[in-house]
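So the chains spell out like this:
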Amino acid sequence: MKHRIPLRPQLLLALMWPLACTAQDDAPSEEDIVTLPEVEVRDSREDIRPPAVELSPDRPVTTIGPEAIERRQAGTIFDLLKDVPGVAVDGGPRASGMKFNLRGFSDNEDVLFKIDGAVKGFEKYRFGSGVFIEPELLKAIEIERGPSLKSGSGALGGTISATTKSAADYLRPGERVGGQIKYGYNANSSERLRMVTVYGRPNGYLDLVASIARRDSDDIRLPDRSRLDLTATHSESRFAKATFYASDDLTLELSQTYYTSGPERAPYDATAGGAGSFGVVERSIEDTTTNLRMNYAPADSWIALRGTLAYETTDLDDVHRITQSRICVSPFLNLPPSSRIDRCDDAWRYAIWTAEVFNDTRYAIGELQGVLSVGYQGIRNSRDISRVTSRALTNAQSFPNGFNEAQPSGDKVSDALIVENAFTLGAFTFTPGARLDRYHVSAQGEARRRMIVAGQSPDIRFVKLSPAAALTWRIPHSDWSATVRYHEAFRPPLVDEYFAAGFQSASRCIKSEGNPNLGGVVTNPLPLYDPSGVGLPYDRALDLAPDNGICGALYRPQESSNHELTLAWMLPAAAPKDGRWQARATYYDIHTRHKLNSLANVGGAVGQPGKERRKGTELEISYDGLYWFSSLSWSQIKGQITNAVAGTDYVLYDAPGDTLSISAGLRGFDGRVEAGVRIRDIADRQAVEPSQPSECWRPGNGRVPGLGTNTVRLGTQYGVRLYDLFASWQMTRDTQLRFNLDNLTNETYCLQDGFAGAVGIQAPGRTAKLSVTMRF
């Protein structure tokens, strides 16, 4: 809605005075006066309740609105996505160990995350997605499964976009300034949330909001009442936003989100099922996102601009203690007692610039309606990583200049041009488009020096074209529509994959022949392909790897072809008493080729012959009315990994289990009281044997290649059925009470591991959450 600048009363009277004087001269007589019947004028928006969850009719996009966000009382943003089909969460249970999983894609490069248009990202071995924001600050979350031309490249799984609140989301009609305080308590972990928010609109041009929130908790409690070590948390979030309405056509928005946590004890390998097996650290996180957004849309013009300029930084510091780390004191170093290391620090700094601008031009040629979208996206991503121990000699020998060869520093720069045109003629809409990406990835620091010495280029450049097309048919005389969609996409290698080296790294080009620290063991730097990415015995005749063990330009981007069919039933918005139904079913078939973990020697040349295929179904149905509401979601993923060299197939063992989620609730007392129940049924799934014994897993007959000539057993991770209760009470106009009871029956189950498809850690037991919000 365009903002109108209000007229001051004095100016209004001055403008009306000449008209009033003229009217007095021609004042009608009493006989000429006609009294009209009284008419009540109401804003139609009051009669329409926006649905808690909004479904797009032609794309697999689900938008979670403020009502659903508040109803969940989530401790992290990951908890908000549990009822969205095709979405799962890997790792956990704290934010630093959680990763998004969309359609079975869970690598940090496979799922794009944005806050107010700013790209967030994090590359750290066995770490979470690097998404840190207080859920209470969010107005909406949009989940788009599958790649998108406009969201960004690399996101094979999809994009999650979060939108923060503005003062307009807090202010009631007629209010100009206000505030609220909120206190929340989680009985399972004794978590305490304290939040203060102030907001206002001092004039017709400016909208302001500021908020601060703090969370503190103990370790979570398992169903047997024991505590899960290393899960306590202490965090603080700050948020400020200013929206300037320069005119009816131009809006500017400046915002900043800030998050900090720790120092607190945490597992170094935060996503692993046996969290802490790689050591325990004292971890501190500081995350800041600053964002400037613009919308400029003059009336009756072909110009409709929207732009974003954002800068985000994430600083992570891990302090390792002696006897608690397998990373800084490697068993392969065989260090004598005289060379004892007391501690070492890992310092990680990420910085991402996001710049994008789009223009959407609407036009008509006879009966043909069109929307032409043209845009540019530029992302500048740099990371600087160092490791310094308490022993100078160790630093000089193993970590020169702080160089961490398993996690090298590097920059990734991308520029993209996007064109998409939606043609609508009658009941059909055809939307072709394309995205042209240009990438420049460069090694920095010691990794760059080693590559130059070896004669390798430390700068890798490539260009990729990604076409897409969709056709939507709105079935005449009905509320049904059908859409078919095709999209080519790619995922560039991580900085780790391009430039890592060393035995304990993600590198596929390790050379260990004659290395005394490895006991003379020789492994294959470029193995005959196997899907585990580790390898078969070494063969000198097939050795194509560089001497420094850095793969570099040997990698090529991973590619995919996405095919989708969507059938949607969307009733138009109605008054609350009538309610609103939404339903959507999507079937997808994704072909992935040149898998990054399949780098191998194929017939004397370097290749990536690995392939993958996954098929899935997603179903969403919801109803939102004045007196009751309900929703149902269901998702299923099946797939296989193909060993193109050996001619064998493996089950897609890192996909989540089939999931059914049903919720239903009632409203009463003029909407002041709400209560409902939620049921989530997660089926058994294929899983790799966990590194530690787990009651959530049973062995099976399947096997996948593992280290050297060994194989890893496949088995079954048990599913679970969970019951949740939720309720809210608007006690007064300014006071609201909310209550949630999660895992009502105190079920014992495990989360999905965030690494290699194994079984994750145990999930929390019964959890009661209570919050009170007061406005003033």
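If you're wondering where the values come from, they're calculated on a predicted model, not measured in any experiment. (Residues numbered from 1 in each chain as written. Predicted model: local features only at pLDDT ≥ 70, side-chain atom pairs only at ≥ 80, totals over all residues. Heavy atoms only, no water.)

J.: Now, about the pattern of salt bridges: what can you tell me, with residues and values included?
T.: Think of it this way: side chains of opposite charge can pair up when their charged atoms draw near. For the structure shown, the criterion picks out 61 salt bridges. Salt-bridge contacts for Arg145 lead to Glu620; the nearest nitrogen and oxygen are separated by 3.1 Å. Residue Arg145 is located in strand β7 (residues 138-145), and its partner Glu620 is located in strand β26 (residues 611-624); the two are separated by 475 residues in the primary sequence. Of the two residues, Arg145 and Glu620, both sit in the buried class. For Lys464, the salt bridge identified is with Glu559, shortest N-O distance 2.5 Å. (Salt bridge = Lys/Arg side-chain N within 4 Å of Asp/Glu carboxyl O. Helix = DSSP H or I, 4+ residues; strand = E, 2+ residues; numbered from the N terminus. Buried < 20%, exposed > 50% of the residue type's maximum accessible area, 1.4 Å probe, protein only.)

J.: Lay out unusual backbone geometry with the relevant residues and their values.
T.: With the exception of glycine, most residues fall at negative phi, and the peptide bonds are largely trans. Here the amide bond leading from Gly262 into Pro263 is cis, since omega sits at 0 degrees, within 30 degrees of zero. Here Pro263 shows up in strand β13 (residues 250-267). For Gln73, which is not a glycine, the phi torsion comes out positive at approximately 55 degrees. In this structure Gln73 comes out as buried when scored by relative accessible area, which is 10%. Look at Asn746: it is not a glycine, yet its phi comes out positive at around 55 degrees. With respect to the helices and strands, the residue Asn746 is situated in the loop between β35 (735-742) and β36 (750-752). A relative accessible area of 21% means that Asn746 is categorised as partly exposed.

J.: Give me the lowdown on the sheet that holds strand β2 (residues 61-64), citing residues and values where you can.
T.: One open sheet holds the six strands; their spatial order is β1-β2-β7-β8-β5-β6, and the pairing between them is mixed. At either margin of the open sheet sits one strand with a lone partner, and together these are β1 (53-55) and β6 (118-120). Looking at each pair of strands side by side, their axes are set apart by 20 degrees on average, direction ignored. Bridging between β2 and β7 involves four bridges; their strand directions are antiparallel. Bridge pairing links Thr63 to Glu142 in β7. (Pairing = 2+ DSSP bridges. Axes fitted to C-alpha atoms, helices over the stretch in contact; angles between N-to-C directions.)

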